[in-house]
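# Structure assessment
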Amino acid sequence: MPNEGSYQEAKRRSDATWAELATHPEKHVMLSGDRPTGALHLGHYFGTEAPRVKLQNLGVKCYILIADYQVITDRDTTEHIRENAYSMLLDYLAMGVDPARTTIFTHSAVPALNQLMLPFLSLVTEAELLRNPTVKTELEASGHALTGLLLTYPVHQACDILFCKGTLVPVGMDQLPHVEQTRQIAHRFNKRYGKVFPEPVALLSDVPLLPGLDGRKMSKSYGNAIALSMTAEETAKLIKKSRTDSERTITFDPENRPGVSALLSTAAICEERDPREIAQEIGDAGSAALKAYVTNAVNTYLAPLRARREELAQDMGYVIDVLHEGNAHANAVANETLAQVREAMGMVY
Ligand code: TRP
């Protein structure tokens, strides 16, 4: 986690930017991305996906990156990468990402983006790379030796954000150090070679992090995440087998009753209600009633998205075209930026 001071500074910047955005959306470019490691779930959706669609609909030019090179920062295989990427494409389109306003693309299809890595790496020190708290956490979780790519991926993320001169990056707390690193790289590049890049702002969400169904961090590997792509039946089954506790009366108490409280938070976020109010309503009816309530809340909320997803899946030709067009557009933009970088660095022959 970033230290308190820098968090407060980032939050202040984020709030000021949200306020300014509504009047001048055309001044901004949003970039955000996801690693294609599995299905997108409710945590992604409420945490970063919904804010992206909101920015798009406000009139901000948007880029969404399927960060395929980031998959191999901490694993030794690219198995399933294509099906994961296609599945994410379906999720994006189903949740309202509009290809006319938002460019969806992959790392591996945009060489000029990746080439920014060379000048950018020269702008950071080994000590800075080794200090990144998110990289440290990911290294511990991976159980692997530190690869060069894991160590330097925050710099690669700066390439993602800056190739399109992104000014807005809607992120969760874990990504804050990376956006800070990007600001620093932009600043140093501009100082050394002349102004090419904006210093992007991390847009923090006010929505508290949605825990997984058992109260732990939501993660596919814990089996506590509701994927957008699940059927209503699969959703019901997952909620049914989630762990609660033996106390009959339902109360919202995340500290002492993580399972029950996570279920309440899940229903609350879908219905835009207060979890305490739902708890009170269920009261002595117990966890079976709570689970039925949550299942209905989630399935009702996701029904239109899932119906659109189903329909889109019938037309994969169209869906893959969206990615090809996104890649073509990202290439044009990246080539232009790289040309400016060569120019600024005097590498024009
Ligand atoms: N690291 C991000 C994640 O795991 C994904 C990502 C890649 C990203 N490039 C980005 C996010 C650029 C924001 C900006 O969620």
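Anyway, here's the lowdown on the structure attached to this text. The structure presented is a predicted model; accordingly, all values stated were derived computationally and were not measured. (Residues numbered from 1 in each chain as written. Predicted model: local features only at pLDDT ≥ 70, side-chain atom pairs only at ≥ 80, totals over all residues. Heavy atoms only, no water.)

### A closer look at the site of the ligand
In the vicinity of the ligand, the residues found are Leu-31, Gly-33, Arg-35, Leu-65, Ala-67, Gln-70, Gln-157, Asp-160, Ile-161, Val-169 and Gln-175. Gln-157 is positioned with one of its side-chain polar atoms (N or O) 3.0 Å from a nitrogen atom of the ligand. Within the side chain of Asp-160, a nitrogen or oxygen atom sits 2.8 Å from a nitrogen atom of the ligand. Of all the secondary structure elements, the ones that give two or more residues to the shell around the ligand are β1 (29-34) and α8 (148-162). Tallying contributions element by element places α8 first for the shell around the ligand, with 3 residues. Of the residues in the shell around the ligand, the class split is 5 nonpolar, 4 polar and 2 charged. (Near = heavy atom within 4 Å. Polar contact = N/O pair within 3.5 Å; in protein donor to acceptor, adjacent residues only side chain to side chain. Helix = DSSP H or I, 4+ residues; strand = E, 2+ residues; numbered from the N terminus. Nonpolar A, V, L, I, M, F, W, Y, C, P; charged D, E, K, R; others polar.)

### A look at the side chain of Asn-299
Summarising the element assignment, Asn-299 is placed in helix α13 (residues 286-313). Residue class for Asn-299 comes out buried when judged on its relative accessible area of 15%. Engagement of the side chain of Asn-299 in a polar contact is seen with the backbone oxygen of Ala-232, the distance being 3.2 Å. Within polar-contact distance, the side chain of Asn-299 engages the side chain of Arg-306 at 2.8 Å. Beyond its immediate stretch of four places on either side in the chain, Asn-299 contacts Ala-232, Thr-235 and Arg-306. (Buried < 20%, exposed > 50% of the residue type's maximum accessible area, 1.4 Å probe, protein only. Contact = heavy atoms within 4.5 Å.)

### Observations concerning unusual backbone geometry
Positioned with a positive phi, His-80 is a non-glycine residue whose angle comes to about 70°. Inspection of the secondary structure puts His-80 in the loop between β2 (61-66) and α3 (81-94). Phi at Lys-165 is positive, roughly 55°, even though this residue is not glycine. Here Lys-165 lies in the loop between α8 and β4 (168-171).

### Quick word on the environment of Glu-234
Relative to the helices and strands, Glu-234 is located in helix α10 (residues 232-240). A C-alpha to C-alpha distance of 54 Å links Glu-234 and Tyr-193, two positions 41 residues apart in sequence.

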